[in-house]
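Breakdown of the fold
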Amino acid sequence: MKGWISRFKAVMALTVLALILSGCGEPFLSTLQPSGEGAAKLLELIILSFVIMLFVFVVVMLIYIYVVIKFRQKKGQEDFIPKQVEGSHALETLWTVIPIILLLILAVPTIQYTFAFEDMSPEVNEEGEEMDQIWIDVTGKQYWWHFEYEDLDITTSQELYIPTDRRVNLSMISDDVIHSFWVPAIQGKMDVNPTGNRNEMFLQAEEEGVYWGKCAELCGPSHSLMDFKVIAVSPGEFEEWVEDMQGVTGEEEPETDTALAGQESFEENCLSCHAIGSSPNKVGPNLTNFADRDKLAGVFDMTEENLYEWIDTKGEEMKPGNLMVSAPYDLEEEEINNIIEYLMTLSPSEVTPESADNGVYIDSDLSDLFPEEEEGEDEEESDEVEEDEDEEE
Ligand code: HEC
Ligand SMILES: [Cu+2]
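What comes next concerns the included structure. Keep in mind that what you see is a predicted model, and the values were worked out from it rather than measured.

1. Thoughts on the sheet that holds strand 10 (residues 228–233)
- The five strands lie next to each other as 4-10-9-6-7, forming an open sheet whose pairing is mixed. Both outer strands of the open sheet, strand 4 (159–163) and strand 7 (190–192), are each paired with one neighbouring strand and no more. Recorded for the sheet is a direction-independent mean angle of 25 degrees between the axes of neighbouring strands.
- As paired strands, strand 6 (residues 179–182) and strand 7 are joined by three bridges and run antiparallel to one another. Counterpart to His-179 in the pairing with strand 7 is Val-192.

Here it is as structure tokens:
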């Protein structure tokens, strides 16, 4: 009877917890709402270890409550000393063996999955043929990510496009300190090391979507701003994106005069660190599809004001410690505006985060997570100016 009750209680507690936890996080950045093979397996392990812990907790609490009630001091027996017991082989064996069994239950799938995650061999399709693999060289940098598609001759940064029909294999390294590549909804974390040894990991997204990635290793003052995105698109869209990206040579000229002037000063002041078109790894992010990005420098809203501030201040306060601060340029307002106009022409593809959006990310209300600053102050100021003008009249 007692066993039945405790099992019922455990199930009830689990149900309530599952309900509470399902309210946590957003599907594009939560391990609890996996959208890929790796994250789904990790969630199984999370649940398994959670159930085991809950089991231990419930059993210990039940024994504890039983003992407190059964052996409490009763009225009239204040001087009674219970029988003193020292050592019990049976009990000691029991509480050694049970944890060993529990750890074994946890160890078997953990080790199994560890090996499964290391398997980078080609996948086999429904007809039993090996599928082409996509290998991407990933380089972690303070505070952004560089991506090179090995066989496709495409270089990009910050936003990683992948197709939904297969695994994408990552070969990962760091250019400076240790970072950790983590897209919670798709796969577990993987450290990138500066020592020359590459770590490998596959990404597989089940559904189209824009998935948030985080650097999960404290790597400097702007570590918490080292966000990136994985953009999972349909296989057809991925092919289209690949062709569009391959088509960029970096020699393209924009149409308007201002953008053309912007291109000139970009080449003069920025091209030493940034590249357009496929290029080797540089100091700054590759900007081939900059205007298609959803975020500026990985985290900021892609607005003209933010972009102006970024170029004007070299991101000094926006991303403290970032390596653009050492850029030697000193630009006039007009030149910056021209450069912005040029940067906004860098949109080689129709395939963008918005085409990957499944309504979960872009529509979802992030204001709870990232409260915007009030804009009231500016309005008040402009009101005052108007009043002054009225008085003068
Ligand atoms: C000394 C090298 C250097 C120079 C010169 C430089 N940058 Fe950068 N830039 C960087 C680095 C490094 C980053 C990445 C900062 C980060 O996110 O931590 C960056 C980031 C950016 C970004 C954000 C990119 C993204 O992926 O969202 C833009 C836009 C940008 N730079 C524009 C410019 C412009 C315009 C110029 C020339 C006026 C310029 N940069 C000159 C190094 C440089
Ligand atoms: Cu980092």
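2. Some words on the packing of helix 6 (residues 304–313) against helix 7 (residues 333–343)
- Where helix 6 meets helix 7, the axes come as close as 10 Å, and the angle between the chain directions of the two elements is 120 degrees. It follows from the interaxial angle that helix 6 and helix 7 lie oblique. As helix 6 packs across helix 7, the resulting crossing turns out to be right-handed. Across the interface between the two elements, Glu-304, Leu-307, Tyr-308, Ile-311 and Asp-312 from helix 6 touch Ile-336, Ile-339 and Ile-340 from helix 7.
- Grouping the amino acids of the contact of helix 6 with helix 7 by side-chain chemistry returns six nonpolar, no polar and two charged.

3. Digging into the site of ligand 1
- Every one of the 28 residues lining ligand 1 counts as a neighbour, but Cys-270, Cys-273, Gly-284, Met-324 and Ala-327 are closest to it.
- If you list the elements that add at least two residues to the shell around ligand 1, you get helix 5 (257–269) and helix 6.
- Looking at the shell around ligand 1 residue by residue, the classes come out as 16 nonpolar, ten polar and two charged.

Cut-offs used in this document
- Residues numbered from 1 in each chain as written.
- Chains lettered and ligands numbered in written order.
- Predicted model: local features only at pLDDT ≥ 70, side-chain atom pairs only at ≥ 80, totals over all residues.
- Pairing = 2+ DSSP bridges.
- Helix = DSSP H or I, 4+ residues; strand = E, 2+ residues; numbered from the N terminus.
- Axes fitted to C-alpha atoms, helices over the stretch in contact; angles between N-to-C directions.
- Parallel < 35°, antiparallel > 145°, perpendicular 65-115°, else oblique.
- Left-handed = near helix turned anticlockwise from the far one by under 90°.
- Contact = placed C-beta atoms within 7 Å.
- Nonpolar A, V, L, I, M, F, W, Y, C, P; charged D, E, K, R; others polar.
- Near = placed C-beta within 6 Å.

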